[in-house]
Amino acid sequence: MGFTVTKSMGMGVPVPHFGIVLDMQRWSALADRLKSKGVEFVIAPYIRFQGEPGEQGTMFFYDLSGNAIEMKGFNDMNALFAK
């Protein structure tokens, strides 16, 4: 793919990427569905900043047109920009 890769939390993150923020229940359901369909992840679904402000589920993959997509999930939407 024609993307620059930056390091975040020791992982390669495609830049640029488009993102969608979901509540954690929908994020978890989507992660399970994508895994069951055999989607190849750039970064597999995992919980980032666990137990800290800004805790979030995140995953990265490419759509069928080759665009980098990030899906985030939050239990508390007010934590979206927490540090």
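Conventions we followed
Residues numbered from 1 in each chain as written. Predicted model: local features only at pLDDT ≥ 70, side-chain atom pairs only at ≥ 80, totals over all residues. Heavy atoms only, no water. Core = buried A, V, L, I, M, F, W, Y, C linked by side-chain atoms within 4.5 Å. Buried < 20%, exposed > 50% of the residue type's maximum accessible area, 1.4 Å probe, protein only. Helix = DSSP H or I, 4+ residues; strand = E, 2+ residues; numbered from the N terminus. Salt bridge = Lys/Arg side-chain N within 4 Å of Asp/Glu carboxyl O. Pairing = 2+ DSSP bridges. Axes fitted to C-alpha atoms, helices over the stretch in contact; angles between N-to-C directions. Contact = heavy atoms within 4.5 Å. Polar contact = N/O pair within 3.5 Å; in protein donor to acceptor, adjacent residues only side chain to side chain. pLDDT = per-residue confidence, 0-100.

### Some thoughts on the nonpolar core
In this structure, Leu22, Met24, Trp27, Ala31, Leu34, Phe41, Met59, Phe61, Ile69 and Met71 together form the largest nonpolar core, which totals ten residues. Contributing elements (two or more residues each) for this core: helix H1 (24-36), strand E5 (56-62) and strand E6 (68-74). When residues of this core are assigned to their parent elements, the largest contribution, four residues, is made by H1.

### Here's the deal with the pattern of salt bridges
Throughout the structure, instances matching the rule amount to two salt bridges. With a closest N to O distance of 2.7 Å, Asp23 and Arg26 form a salt bridge. With a relative accessible area of 57%, Arg26 lands in the exposed category. Lys72 is paired through a salt bridge with Glu70; the nearest N and O atoms lie 3.9 Å apart. In this pair, the class of Lys72 matches that of Glu70, namely buried.

### Some details on the sheet that holds strand E3 (residues 18-23)
The sheet built from four strands is open, its strands ordered E3-E6-E5-E4 with mixed pairing. For this open sheet the edge positions go to E3 and strand E4 (41-48), each flanked by a neighbour on one side alone. In this sheet, neighbouring strand axes are inclined to one another by 15 degrees on average, regardless of whether the strands run parallel or antiparallel. Two strands pair when backbone bridges link them, and E5 and E6 are joined in this way by six bridges, in the antiparallel orientation. Bridged to Phe61 within E6 is Ile69. Lying on the sheet, H1 is in contact with E3, E4, E5 and E6; it crosses E5 at an angle near 35 degrees.

### Considerations on unusual backbone geometry
Phi is positive for Phe49, close to 60 degrees, though the residue is something other than glycine. Among the secondary structure elements, Phe49 is positioned in the loop between E4 and E5. Given a relative accessible area of 27%, Phe49 falls into the partly exposed group.

### Notes on the side chain of Gln56
Looking at where Gln56 falls in the secondary structure, it is placed in strand E5. Of the polar contacts made by the side chain of Gln56, one reaches the backbone oxygen of Gly54; its length is 3.1 Å. Setting aside residues no more than four positions away along its own chain, Gln56 makes contact with Met24, Tyr46, Ile47, Arg48, Phe49, Lys72, Gly73 and Phe74.

### Focus on the confidence of the model for the protein chain
When pLDDT is averaged across the protein chain, the result is 85; 84% of the residues are at 70 or more. Confidence, expressed as mean pLDDT per element, reaches its minimum in the protein chain at strand E1 (residues 4-8) with 51 and its maximum at H1 with 97.

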